[in-house]
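Here's the letter readout for the chains.
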Amino acid sequence: PAALPLAPLGFTDVNLNSRNTYEVSRRRSAPEHLPHGGTAPAEPAPPPQEPAERARHRVGIAGAGSSFAEFFTRNFFTKRTKELKPAVQSAPGWKLFGKVPPRENLPKDSKIIQQEYEARTGRMYKPPPPSARRKNIEFEPLSTTALILEDRPANLPAKSVEEALRHRQEYDEMVAEAKKREIKEAHKRKKIMRERFKQEENIASAMVIWVNEILPNWEGMRATRRVRELWWQGLPPSVRGKVWSLAVGNELNITPELYEIFLSRAKERWKSFSETNSENDIEDAGASVADREASLELIKLDISRTFPSLYIFQKGGPYHDLLHSVLGAYTCYRPDVGYVQGMSFIAAVLILNLEEADAFIAFANLLNKPCQLAFFRVDHSMMLKYFAAFEVFFEENLPKLFLHFKSYSLTPDIYLIDWIFTLYSKSLPLDLACRVWDVFCRDGEEFLFRTGLGILRLYEDILLQMDFIHIAQFLTKLPEDITSEKLFSCIAAIQMQNSNKKWAQVFASLMKDNKEGDKNHSPAPKT
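Fair warning: this is a prediction, and the values are worked out from it, not measured in the lab. Note on numbering: residues in each chain are counted from 1, in written sequence order. Restriction of local features to residues with pLDDT of at least 70 applies here, the model being predicted, together with a cutoff of 80 or more for giving and counting side-chain atom pairs; totals for whole chains, interfaces and linings are based on all residues. Side-chain numbers come from the whole structure's heavy atoms, not from hydrogens or water.

### Some words on the overall build of the chain
Test applied: To qualify as a helix, a DSSP run of H or I must reach at least 4 residues; to qualify as a strand, a run of E must reach at least 2; elements of each kind are numbered from the N terminus. Only protein chains enter the accessibility calculation, which uses a 1.4 Å probe. A residue is then buried if its area is under 20% of the maximum for its type, exposed if over 50%, and partly exposed in between. The criterion used for residue contact is that any of the two residues' heavy atoms lie within 4.5 Å. For the accessible areas, the method is Shrake-Rupley and the probe is 1.4 Å, while residue cover comes only from the protein chains on display.
Each helix and strand in the chain was counted, giving 24 helices and two strands. A burial count over the chain gives 35% of its 527 residues as buried. In the chain, once contacts between residues fewer than 6 apart in sequence are set aside, the share between residues at least 24 apart is 69%. When the accessible surface of the chain is totalled, it reaches about 33,700 Å², and 56% of it is carbon and sulfur.

### Remarks on unusual backbone geometry
Of note in the backbone geometry, Val-378 takes a positive phi value of approximately 55° without being a glycine. When you line up the elements, Val-378 lands in the loop between α15 (370-376) and α16 (380-397). Positive phi, close to 65°, is recorded for Tyr-424, a residue that is not glycine. Of note, Tyr-424 is situated in the loop between α18 (413-422) and α19 (430-443).

### Points about the pattern of salt bridges
Definition in use: By definition here, a salt bridge exists when the distance from a side-chain nitrogen of Lys or Arg to a carboxyl oxygen of Asp or Glu is within 4 Å.
Under the definition given, this model contains eleven salt bridges. The partner of Asp-438 in a salt bridge is Arg-240, and the shortest N-O contact between them spans 2.8 Å. Here the residue Asp-438 occupies a position in helix α19, and Arg-240 occupies one in helix α8 (residues 237-248), the gap between them amounting to 198 residues. Each member of the pair, Asp-438 together with Arg-240, is buried.

### Some thoughts on the packing of aromatic side chains
The description of an aromatic ring pair uses the distance of the two centres, along with the angle that the planes make with each other. Note the threshold: To pair, rings of Phe, Tyr and Trp, with the six-membered ring standing in for Trp, must have centres within 6.5 Å; the planes then decide the type, stacked if under 30 degrees apart, edge-to-face if over 60, and tilted in the middle. A ring has a charge above it when a Lys NZ or an Arg CZ is no more than 6 Å from the ring centre and no more than 35 degrees off the ring normal.
In the structure shown here, the tally under the stated rule is 32 aromatic pairs. For the pair Tyr-330 and Phe-363, a centre-to-centre distance of 5.1 Å together with 75° between the ring planes defines the contact as edge-to-face. With a gap of 33 residues between them, Tyr-330 in helix α12 (residues 320-333) and Phe-363 in helix α14 (residues 356-366) connect regions that are remote in the sequence. A residue is classified by how much of its surface remains accessible, and Tyr-330, at 2% relative accessible area, is buried. On the basis of an interplanar angle of 45° and a centroid distance of 6.1 Å, the ring pair of Phe-375 and Tyr-386 is categorised as tilted. One end of the pair, Phe-375, is in helix α15; the other, Tyr-386, is in helix α16, with eleven residues separating them in the sequence. For the pair Phe-375 and Tyr-386, a shared accessibility class is recorded, and that class is buried. The ring of Phe-488 has Arg-435 sitting right over it, with the charged end atom 4.0 Å from the ring centre.

### Here's the deal with the UniProt feature "coiled-coil region" (unreviewed entry) in the chain
For clarity, the threshold we go by: UniProt positions are given in the numbering used here, feature names are shortened, and annotations may be inferred rather than shown by experiment.
The positions UniProt marks with the feature "coiled-coil region" (unreviewed entry) are residues 161-196. For residues 161-196, the helix share is 100%, the strand share is 0%, and the end-to-end C-alpha distance is 52 Å.

Written out as structure tokens, the structure is:
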């Protein structure tokens, strides 16, 4: 047989202008025209800058070795195309020292790219068999949970049947737990919505009764059993401010004009303090002026810490200046009391429910009540009597918790002072604090201490497991998930009677005992 003509040896022509090394290999091996009607694409024309002599030499090499090229094309490179997916002709490639600029044409659709790939490689895309797909999965968690069902990559050992079944079981358990949580949360949301709708309906019906029947006949109906029951259920927000004003009263006979007078005085003091801050002026003015200045500075500091989550009383908020005015006017109206920390919370709650002048009137009269006056003037002897009366009913209603507190020498002042100073508006959620205020306006100071006992009853089981430090921390910062239904059910269970004596009688007997003790300890008159 005749020997096959050998192609002359030469260096491989690597053109740096080609798109990638795959095209270089294809141009080197494949002829321009396959002799038997092959479908391989024709050799691209040489670039314009390539010399004609080199192009003819390269074509000659391909022509001389056509049979070798045909052999390699059919047997070797076709297998390579199956293993290495050739890039689309229009896709950006890589130069030797940099990236080819991105294509200017619009990106192709994924279906078009798939069709071009199939036409070029001759391979048709076969979808995975139906058995490999997950069927009838009603719940698909938005996480990596479902990855447990995926097969391992081809370069890793496949799962065994037992492992696949175990993974399926684990996945089903995870999905079942997720379903249970979702169903439980859905039921909880529905329950909350039903309770909210019921509460709104009750408020709407109660508002009609308050507006049309009770408020027009306030003096005659306020003490009736029907009104007291409605009062216990909570006042409608639309009439809350009006009922509070009527219940607190105006024993001080403050008028809106009087409020404007004291407000103007407060503004003059703020202006004078801001203009004259020299040490000589303060020394000449005396201690009283220094105390007032300290009160005004304390007001500015406390306002920024009043209901910080609402962002309405902080500087720049809609109620910042209003709260500042009410508190400043009160320091001028009652210089003997001045400003005490905790007042800002009481004034803020009133501002949320009343107009400015009405809020000041209710604020001044509320702080003039015996209990509030004793606390805000820091009358230690009176405060101790209130604490002693509280402990009498504490022991009567919660004897086990009372002994637990006694074992740690935990006295009521540790937690009661903060509750009384702010009327629970700092310790409880705002809507729940307003409900406490509703009944406080009805029953007076007794309900403040009854509410304290209700809180202790609500968390009795938790408090019995705590020591001194944890009890003090817990009662200072009560849980935020406390609900009005639970709290008021515990308050209702508190009996404010001791040996057939009510709160007022117990407190009066303590006052009497204290006076008799003072007489016994008084020095004998000189003879």
